[in-house]
Amino acid sequence: MTTARSSRRWALSAVVALLWPLLLGATTAERELEVRMLEVASGLRCPVCQNLSVAESSSELAQEMRALILDELRAGKSPEEIRAYFVSKYGQWILLSPTARGFGLLVWVLPGLGAVAGLGGAAFALRRWARRGSRFAPAPAGAEDLARVHDLVVADALPARLSAEEAREIEGLRELEFDHRAGKLSDQDYGELRALYEAKAAATLAAAAAERVRAAARAAEEAEAAPAPAPAPARPAPRRWRWAAAAVFLVVFGAAIGFLLPQAVRVREEGGSITGGMLTGSEAPVSAAQPRDLPALLDQGRRAMEAQDLGRALTLFRVALEVDPDQVTARAYLGLVLLRGGHPDRALPEFDRALSREPSFPQALWGKGLALYETPGKTSEAIRTWEALLAQDISGKDRDHVRSLLAQARQRLERETKPAPVAPR
Amino acid sequence: MNWKRLAIVFGLGVPLIAVLAYGFTRDPREIPSPLIGRPAPPFTVQLFDGKELSLADLRGKVVFLNFWASWCPPCRAEARMLEASWKDHQGQDVVFLGINMQDREAAAREFLREFGITYLNGIDAGSRIAIGYGVWGLPETFFIDPDGRITYKHIGGLDGPEVIHAKLDEARQGRLSGREGKGDYRSVQ
């Protein structure tokens, strides 16, 4: 069994190597034309899928549009002329990025206006919050106020002009003193709490005093109706550098988002990181590294297969199929990779898809036979598939190989169809 | 202060809701045609009987140009009515021309046989004619006046022979209808 498997493996590489040159047909000029076609197509919106470009869509109309673009390019039309042609048929709708004129201008201007309005609104709100915050922050207690608090605590009776709040603060301090003297509080706790209470009381006293002054000023103002406003307490000059820093931060943040977001949404392979290799040092995903031209992808895939790097080969052929889902070669090789990886069940549909496009594609027929041969009970189907392959025009060496496979399969079929002498129940 | 806030909420909220209401009630697939009132894009089509027909040959006649496919139910729905309408207008200065697209030839021929269609029909291989007319749904019908100008476009199935009659009349007089007609349609493939 192991020898059969390894000989199959060897044969696989042999067939791949023999048939390969036939598959590389595209010249560089055609490839270049393809690139130019995709450039135009990626700017056009697909009328069927709506959210995909003509380059990305696999719909029939998009394929026909791509063929049309290719023909026009071959005829010497410029990309601009081709775009204009599509606009004349489908209107501005067909352009993925509308021209900055008329109603389309709105799309270009609105995000900028929105950003300006948002930043302005945020700055306005921040300013308001900052001001409100400073209004409620307790003013630092001055030495004078602290001395007053001290006097009031040791005084026998509280003056009547104190407000209820002020009285409560002083009362609290007295109780603290009492508790300390009664031995309920340690010296350290007492010291800390006292400092805290005193500061609070001093602040309350200061605030109350300021309020009294203001009330007096208002009363005087109302009484005299004279334009003599009380001198406003000098506010600290707004710290401009803070606003500058906030603005710089916002701009940097926006730029970072603008850079990283498109990175994150580009096509990437399974397991590829959002930022590619830039931040994480991981290998760049295949699709980003390679130009999306099929022959190169197929070539690399074949080489990866030869080097037993099945994972990479799988990725490359999948990328090739993303570019063109109907690429028969890539489809057949994907099947071969899956088969080699020990998944005949998953390989089979790939071969079938390749064969539905090109019913006599040798690699697909050969691979399908192998996959069927490895599936229990499908030996006769494998034989039929290989017989179909023999009917194709293949090289003598390959023919011999297929014949030996067929002989093997027929032997097995004979063994299978003969009833076992003792059927264990 | 409260009034100010209310005004801001309404000033921003009402236009936003209006934009959303407009957007959500529209058919997002609809692609307004820029072709109405413009010269009909010229083409040459291979007819089912093997002959070739050029639109330029039909100058001086009113052309009823209908894009269809055999797999599209609204196309089937209107097929009999179109044939009946053609019988009504046959012999006048009117030409009915069907353009089959994104279809298999056998299925298309079966469609023509099934509905007994006698007016001219051709195959648009590669959908070049359809792209030239900005087709995005099926069926799609264009009315072309004797000067070769598109006067009306109808997306989806036509309601009845009256519409066809009226629009042929308008085309004969060279009168434009800027508003596109709309019926049940299927997106192209």
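Description of the overall build of chain B
- A count of helices and strands for chain B gives five helices and 10 strands.
- The buried share of chain B, reckoned over its 189 residues, is 49%.
- In chain B, the share of contacts with a sequence separation of at least 24, taken over all contacts with a separation of at least 6, comes to 76%.

Describing the interface of chain B and chain A
- Each partner contributes to the interface: chain B provides 22 residues, whereas chain A provides 19 residues.
- Of the roughly 1700 Å² buried at the junction of chain B and chain A (both faces included), carbon and sulfur atoms supply 55%.
- The largest share of the area that chain B buries against chain A comes from B:Ile31, B:Arg128 and B:Ile131, three residues that together contribute 36% of it.
- For B:Arg128, the salt bridge identified is with A:Asp71, shortest N-O distance 3.1 Å.
- Ranked by residues supplied to the side of chain B that touches chain A, first place goes to helix H4 (residues 128-132) of chain B with four residues.

Describing the packing of helix H15 (residues 344-357) of chain A against helix H16 (residues 362-374) of chain A
Residue and element names in this part refer to chain A.
- Interhelical geometry of H15 versus H16 gives an angle of 150° and a closest axis separation of 9 Å. Regarding the angle of H15 to H16, the classification is roughly antiparallel. For H15 against H16, the interelement crossing comes out left-handed. Of H16, the residues touching H15 (which contributes Pro344, Leu348, Phe351, Asp352, Ala354 and Leu355) are Gln363, Ala364, Leu365, Gly367, Lys368, Ala371, Leu372 and Glu374.

Some thoughts on the confidence of the model for chain A
- Per-residue confidence for chain A gives a mean pLDDT of 79; residues scoring 70 or more make up 79%.
- Confidence drops under pLDDT 50 across residues 268-289 of chain A; counting only partners more than four residues distant or on other chains, this segment forms 30 contacts.

So, H15(A)
- When the terminal C-alpha atoms of H15(A) are compared, their 20 Å separation across 14 residues agrees well with the 20 Å that a helix rising 1.5 Å per residue should span.
- Contacts from the buried residues of H15(A) go to helix H14 (328-340) and H16 of chain A.

Observations regarding the sheet that holds strand S7 (residues 140-144) of chain B
Residues and elements named next belong to chain B.
- Spatial ordering of the open sheet is given by S2-S1-S5-S4-S3-S7-S8-S9, a layout of eight strands whose pairing is mixed. In the strand order of this sheet, the two ends are held by strand S2 (52-54) and strand S9 (181-182), each with one partner.
- Both strand S8 (residues 150-155) and S9 contribute to a ladder of two bridges, which runs parallel. In the strand pairing of S9, His154 is matched with Gly181.

Overview of unusual backbone geometry
Residues and elements named next belong to chain B.
- Here the amide bond leading from Leu138 into Pro139 is cis, since omega sits at -10°, within 30 degrees of zero.
- Even without a glycine there, the phi angle at Gln102 is positive, about 45°.
- Position of Gln102 among the secondary structure elements: in the loop between strand S4 (94-101) and helix H3 (105-114).
- By relative accessible area, which is 7% here, Gln102 ends up buried.
- Located in the positive-phi region is Ser127, a residue other than glycine, with phi close to 55°.
- Within the fold, Ser127 resides in the loop between strand S5 (120-124) and H4.
- For Ser127, a relative accessible area of 0% puts it in the buried group.

Quick look at the environment of A:Glu350
All names here are of chain A.
- With respect to the helices, strands and loops of the structure, Glu350 is situated in helix H15.
- For the pair Glu350 and Leu336, spaced 14 residues apart in the sequence, the C-alpha separation amounts to 8.9 Å.
- In this view, Glu350 contacts Arg331, Leu334, Gly335 and Leu338; residues no more than four positions away in its chain are not counted.
- Among the polar contacts listed, one links the side chain of Glu350 to the side chain of Arg331, at a separation of 2.9 Å.

Quick notes on the packing of aromatic side chains
- A complete count under the given rule lists 16 aromatic pairs over all chains for this structure.
- Relative to A:Phe253, the ring of A:Phe249 has its centre 6.1 Å away and its plane inclined at 20°; by these criteria the two rings are stacked. Residue A:Phe249 and its partner A:Phe253 are located together in helix H9 (residues 240-265), separated by four residues, close to a single helical turn.
- An angle of 45° between the planes, with centres 5.4 Å apart, marks the rings of B:Trp86 and B:Phe96 as tilted. With a gap of 10 residues between them, B:Trp86 in helix H2 (residues 73-89) and B:Phe96 in strand S4 connect regions that are remote in the sequence.
- Note on B:Trp86: relative accessible area 11%, which makes it buried.
- Accessibility expressed as a relative area gives 0% for B:Phe96, which makes it buried.
- One aromatic cluster in this structure is built from B:Phe64, B:Trp86, B:Phe96, B:Tyr119, B:Phe143 and B:Tyr152.
- The cationic tip of A:Arg45 hangs over the ring face of A:Trp93; the distance from NZ or CZ to the ring centre is 4.0 Å.
- A:Arg412 extends its terminal NZ or CZ atom over the ring of A:Tyr373, reaching a point 4.0 Å from the ring centre.

Criteria and thresholds
Residues numbered from 1 in each chain as written. Chains lettered and ligands numbered in written order. Predicted model: local features only at pLDDT ≥ 70, side-chain atom pairs only at ≥ 80, totals over all residues. Heavy atoms only, no water. Helix = DSSP H or I, 4+ residues; strand = E, 2+ residues; numbered from the N terminus. Buried < 20%, exposed > 50% of the residue type's maximum accessible area, 1.4 Å probe, protein only. Contact = heavy atoms within 4.5 Å. Buried area = accessible area lost by both parts, 1.4 Å probe. Salt bridge = Lys/Arg side-chain N within 4 Å of Asp/Glu carboxyl O. Axes fitted to C-alpha atoms, helices over the stretch in contact; angles between N-to-C directions. Parallel < 35°, antiparallel > 145°, perpendicular 65-115°, else oblique. Left-handed = near helix turned anticlockwise from the far one by under 90°. pLDDT = per-residue confidence, 0-100. Expected span 1.5 Å × (residues − 1). Pairing = 2+ DSSP bridges. Polar contact = N/O pair within 3.5 Å; in protein donor to acceptor, adjacent residues only side chain to side chain. Phe/Tyr/Trp six-rings, centres within 6.5 Å; stacked < 30°, edge-to-face > 60°. Lys NZ or Arg CZ within 6 Å of the ring centre and 35° of its normal.

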